[in-house]
Amino acid sequence: MTPEYIRFLRELRDNNNRPWFKLHKEEFDDLRAQWIADIDTLIAKCSQWEPAFGMLSGKECVYRIYRDTRFSLDKTPYKTHFSAGLSPKGRTNAVAGYYISAGFEEGFTGIYGGIWNPDAAMLRKLRHAIADNDDEFNEIINNPEFVSAFPAWCGRSLKTIPKGWPKDHPMAHALRLIDIGREHLVAPEFFTQPDWTDQASHLMQIFKPLNDFINYSLFEE
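Predicted, not measured: the structure shown is a model, and the values here were computed from it.

What follows deals with the packing of aromatic side chains. If you walk through the whole model with that rule in mind, you get 26 aromatic pairs. Measuring from centroid to centroid gives 6.1 Å for phenylalanine 53 and tyrosine 98, while their planes differ by 90°, and the two rings are edge-to-face. Separated by 45 residues along the polypeptide, phenylalanine 53 in the loop between helix H3 (25-46) and helix H4 (58-61) and tyrosine 98 in strand E2 (residues 97-103) bring together distant segments of the chain. Like phenylalanine 53, the residue tyrosine 98 is buried in the burial classification. Measuring from centroid to centroid gives 5.7 Å for tyrosine 66 and tyrosine 78, while their planes differ by 55°, and the two rings are tilted. Here tyrosine 66 is found in the loop between H4 and strand E1 (81-86), whereas its partner tyrosine 78 is found in the loop between H4 and E1, with 12 residues between them in sequence. The buried category is assigned to tyrosine 78, whose relative accessible area is 6%.

Next comes the structure, spelled out in structure tokens:
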């Protein structure tokens, strides 16, 4: 991405309406093309350690900039970041994967991994997998390289342990999670670096053991 993406998104934040966007649609299309090309490059690099990604394309992995405002109090029509989702099944939250957010705000811009908003049956299965394989799970999340790259959980978590589990369960911290994901936050300028796809691929490869744990816990018999 060129540094222009940061300026464009800031201006979009200040003019988040359809007339302004229509006037700047050509600029947006150019930036979106850059983003798709970068995601294509990222996919090619990730496919070296995740062969399932070899069937993906940047165009099918990037998200639309148009917001779904049907159930939101915020009726602004456009997102103020570029984003993409990569998983063995493409851009979906039905399996564990990776989410990339390129915005202009620190604290939201970054590389994310895990599974977001699993349904009740999936979450129940994951909790049992974590409890039954606590040594394996702890080995993954306490690996020093993993902790350094993805230092914090992100997403929603229950205030207390789920019903049916003892309050003093040794894995209580993990059993409270609703979204099982971690984040690596970056400055907006990260995505303007010529080698950002190399850095992102390396980070995602570090996260791979947790995604593998989630996916085989959910889908392997």
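Picking up after the structure, the text goes on.
This paragraph deals with the sheet that holds strand E5 (residues 180-185). What the 5 strands build is an open sheet, ordered E1-E2-E3-E5-E4; its pairing is antiparallel. Of all strands in the sheet, those with a lone pairing partner are E1 and strand E4 (152-154), marking the two edges. Sheet twist, expressed as the average angle between the axes of neighbouring strands with direction ignored, equals 30°. In the sheet, E1 pairs with E2 via 6 bridges, with the strands oriented antiparallel. Note that in E2 the partner of alanine 84 across the bridge is isoleucine 100. In the packing of H3 onto the sheet, the strands contacted are E1 and E2, and the crossing angle to E1 comes to about 30°.

In this structure, phenylalanine 108 sits in the loop between E2 and strand E3 (110-115). Spatially, the C-alpha atom of phenylalanine 108 lies 11 Å from that of cysteine 154, the residues being 46 residues apart in sequence. If sequence neighbours within four positions are ignored, phenylalanine 108 has contacts with His81, Tyr99, Ser101 and Leu185.

According to the stated counting rule, one finds 11 salt bridges in the structure shown. In this structure, the salt-bridge partner of aspartate 14 is arginine 13, at a minimum N-O distance of 3.0 Å. The closest approach of N and O atoms between aspartate 212 and lysine 208, which form a salt bridge, is 3.2 Å. Of this pair, aspartate 212 and lysine 208 both sit in helix H9 (residues 196-219), separated by 4 residues, roughly a single helical turn.

Alignment of E3 against E5, held across 6 bridges, turns out to be antiparallel. Residue pairing for E5: glycine 113 is matched across the bridge by arginine 182. The pairing of E4 with E5 spans 3 bridges and is classified as antiparallel. Note that in E5 the partner of tryptophan 153 across the bridge is arginine 182.

Basis of the calculations
Residues numbered from 1 in each chain as written. Predicted model: local features only at pLDDT ≥ 70, side-chain atom pairs only at ≥ 80, totals over all residues. Heavy atoms only, no water. Phe/Tyr/Trp six-rings, centres within 6.5 Å; stacked < 30°, edge-to-face > 60°. Helix = DSSP H or I, 4+ residues; strand = E, 2+ residues; numbered from the N terminus. Buried < 20%, exposed > 50% of the residue type's maximum accessible area, 1.4 Å probe, protein only. Pairing = 2+ DSSP bridges. Axes fitted to C-alpha atoms, helices over the stretch in contact; angles between N-to-C directions. Contact = heavy atoms within 4.5 Å. Salt bridge = Lys/Arg side-chain N within 4 Å of Asp/Glu carboxyl O.

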